[in-house]
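This is what each chain is made of:
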Amino acid sequence: MIGAIIGDIAGSDYEFTNTSAYDFKLFGRGCDFTDDTICTVAVADALLKRIGYQQSMRQWCRRYPHPKGEYGSYFLNWVMRPDPYPYNSFGNGSAMRVSPIAWFFNNEDEVREQAKQSAAITHNHPEGIKGAEAIAVAIFRMRSAKIKSGKIFEDVAKEFYGEEVFSSLPPRGFFDVTCQGCVPLSLYIASLATSFEDAIRLAVSYGGDSDTVGAIVGSLAEAQYDIPIWIKEQAISYLPIEMLDVLSLYELSCKSNK
């Protein structure tokens, strides 16, 4: 979960002004948490309180109606309307918010089912559901592996998207907000990374939807690599106390679930 938050914040300053520089300032002056962090916290809070993903998501997003970068128009309409219903989205939002599920449950079948449920409240298109499931499975398999290798991410990408998945990735700087574009790309970047920081730098400097690709890659890299203390401390300094409370309770709950 914290990996997604770090990637979101690090990429937030470059979403609409991409950088191709690998050595970009990791937490620049314009960085902040975006809708990606809010939605990730909402999923974690739903798990902690044992309430529906829809209820938690709408509560959290209504508390923060104007995050950095703003919400997509269809999603914001879903948040605010009195009678919410899924709108057949295959956007990358289902994949960027799913990481808490992969750590909270201890068997893959349950991870898969909960990932699908978390996506279906909004992203009920088959690609939206598949994107969430693929990222959750990749995180779960990596965190459960005795030998952690980037090949795990490569294998998940091929399982969900086909053997030639990495031959048709979005080009650098292309603003692709779909699951079918961002999820294979994120798995590819994570498979190449040699450390957590390297993963974030590779993701953000690839360009495109940098905060969301950063969030997805960060969620993957967290399962493979230790996060440097200074990076975690810097990231959480951006979060309001109610988000920090959820993060602390969630981390304690995951430890007790092991």
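All figures in this text were calculated on a predicted structure; none of them were measured in a lab.

K.L.:
What am I meant to see in the overall build of the protein chain here?
P.N.:
Scanning the protein chain from N- to C-terminus turns up 14 helices and zero strands. The linear arrangement of helices and strands in the protein chain, starting from the amino end, is α-α-α-α-α-α-α-α-α-α-α-α-α-α. Whereas a compact globule of 258 residues would reach a radius of gyration of roughly 18 Å, the protein chain reaches 16 Å, a difference of no more than 12%. Along the first, second and third principal axes, the C-alpha atoms of the protein chain reach 45 × 40 × 35 Å. Long-range contacts, defined here as pairs at least 24 residues apart, represent 72% of the contacts in the protein chain between residues at least 6 apart. Accessible area of the protein chain: about 10700 Å², with a carbon and sulfur share of 53%. Taking the average place of the 24 positive charges on the side chains of the protein chain and the average place of its 32 negative ones, the gap between the two points comes to 4 Å.

K.L.:
Could you clarify how one ought to interpret the state of the cysteines in this entry?
P.N.:
The full count for this structure, using the stated rule, is zero disulfides. Cys182 forms no disulfide, and the closest cysteine sulfur to it belongs to Cys179, at a distance of 7.7 Å. A relative accessible area of 2% means that Cys182 is categorised as buried.

K.L.:
I'm lost on helix 11 (residues 196-206) in this one. Help?
P.N.:
Note that an α-helix has 3.6 residues per turn; residues three or four places apart therefore point the same way. A large share of helix 11 lies buried, amounting to nine of its eleven residues. Regarding helix 11, the residues found buried are Phe196, Asp198, Ala199, Ile200, Arg201, Ala203, Val204, Ser205 and Tyr206. On its buried face, helix 11 sits against helix 1 (2-12), helix 10 (179-192), helix 12 (210-224) and helix 13 (229-236). Phi turns positive, to about 90°, at Gly207, one or two residues after helix 11.

K.L.:
How do you make sense of the packing of aromatic side chains when you look at a structure like this?
P.N.:
For any pair of aromatic rings, geometry is given as the distance between the ring centres together with the angle between the planes. Under the definition given, this model contains eleven aromatic pairs. Centre to centre, the rings of Phe16 and Phe175 are 6.2 Å apart; their planes meet at 25°, and the pair counts as stacked. Taken together, the residues span a long stretch of sequence, with Phe16 in the loop between helix 1 and helix 2 (35-49) and Phe175 in the loop between helix 9 (151-161) and helix 10 at a distance of 159 residues. Overall, Phe175 belongs to the partly exposed group, its relative accessible area being 39%. For the pair Tyr71 and Phe75, a centre-to-centre distance of 5.5 Å together with 40° between the ring planes defines the contact as tilted. On the basis of relative accessible area, Tyr71 is assigned to the buried category, the value being 8%. Its relative accessible area of 8% is what places Phe75 among the buried residues. Among the aromatic side chains, those forming a connected cluster through ring pairs are Phe33, Trp60 and Tyr64.

K.L.:
Looking at this structure, how should I read the side chain of Ser12?
P.N.:
With respect to the helices and strands, the residue Ser12 is situated in helix 1. At a separation of 2.8 Å, a polar atom in the side chain of Ser12 contacts the main-chain carbonyl oxygen of Ile9. When residues no more than four places from it in sequence are discounted, the contact partners of Ser12 are Gly30, Cys31, Asp32, Thr34, Lys68 and Asp211.

K.L.:
I keep staring at the nonpolar core and nothing clicks. Help me out?
P.N.:
One recurring pattern in soluble globular proteins is that nonpolar side chains are buried together. If you look at the biggest cluster of nonpolar residues, it comprises 91 residues, and the most contacted ones within it are Ile9, Met57, Ile135, Leu187 and Leu220. Here this core gets nine residues from one element, more than from any other, and that element is helix 8 (residues 126-144). For Ile9, the contacting residues outside a window of four places in its chain are Phe27, Cys31, Asp32, Phe33, Ala235, Tyr238 and Leu239.

K.L.:
How should I be thinking about the environment of Gly218 in this particular structure?
P.N.:
As for its placement among the helices and strands, Gly218 is situated in helix 12. Classification of Gly218 as buried rests on a relative accessible area of 0%. Residues Gly218 and Met1, spaced 217 residues apart in sequence, show a C-alpha to C-alpha distance of 8.6 Å. If near-sequence neighbours (up to four positions away) are discounted, Gly218 is found in contact with Gly3, Ala4, Phe196 and Ile200.

K.L.:
Sorry if this is basic, but what is going on with the environment of Phe33 here?
P.N.:
Its location among the elements puts Phe33 in the loop between helix 1 and helix 2. Phe33 has contacts with Asp8, Ile9, Ile38, Tyr64, Lys68, Tyr238, Leu239, Pro240 and Met243, leaving out every residue within four places of it along the chain.

Rules behind the numbers
- Residues numbered from 1 in each chain as written.
- Predicted model: local features only at pLDDT ≥ 70, side-chain atom pairs only at ≥ 80, totals over all residues.
- Heavy atoms only, no water.
- Helix = DSSP H or I, 4+ residues; strand = E, 2+ residues; numbered from the N terminus.
- Rg over C-alpha atoms; globule rule 2.2 N^0.38 Å.
- Contact = heavy atoms within 4.5 Å.
- Areas by Shrake-Rupley, 256 points an atom, 1.4 Å probe, with all protein chains shown as cover.
- Lys, Arg positive; Asp, Glu negative; His and termini not counted.
- Charge placed at Lys NZ, Arg CZ, Asp CG, Glu CD.
- Disulfide = S-S within 2.5 Å.
- Buried < 20%, exposed > 50% of the residue type's maximum accessible area, 1.4 Å probe, protein only.
- Phe/Tyr/Trp six-rings, centres within 6.5 Å; stacked < 30°, edge-to-face > 60°.
- Polar contact = N/O pair within 3.5 Å; in protein donor to acceptor, adjacent residues only side chain to side chain.
- Core = buried A, V, L, I, M, F, W, Y, C linked by side-chain atoms within 4.5 Å.

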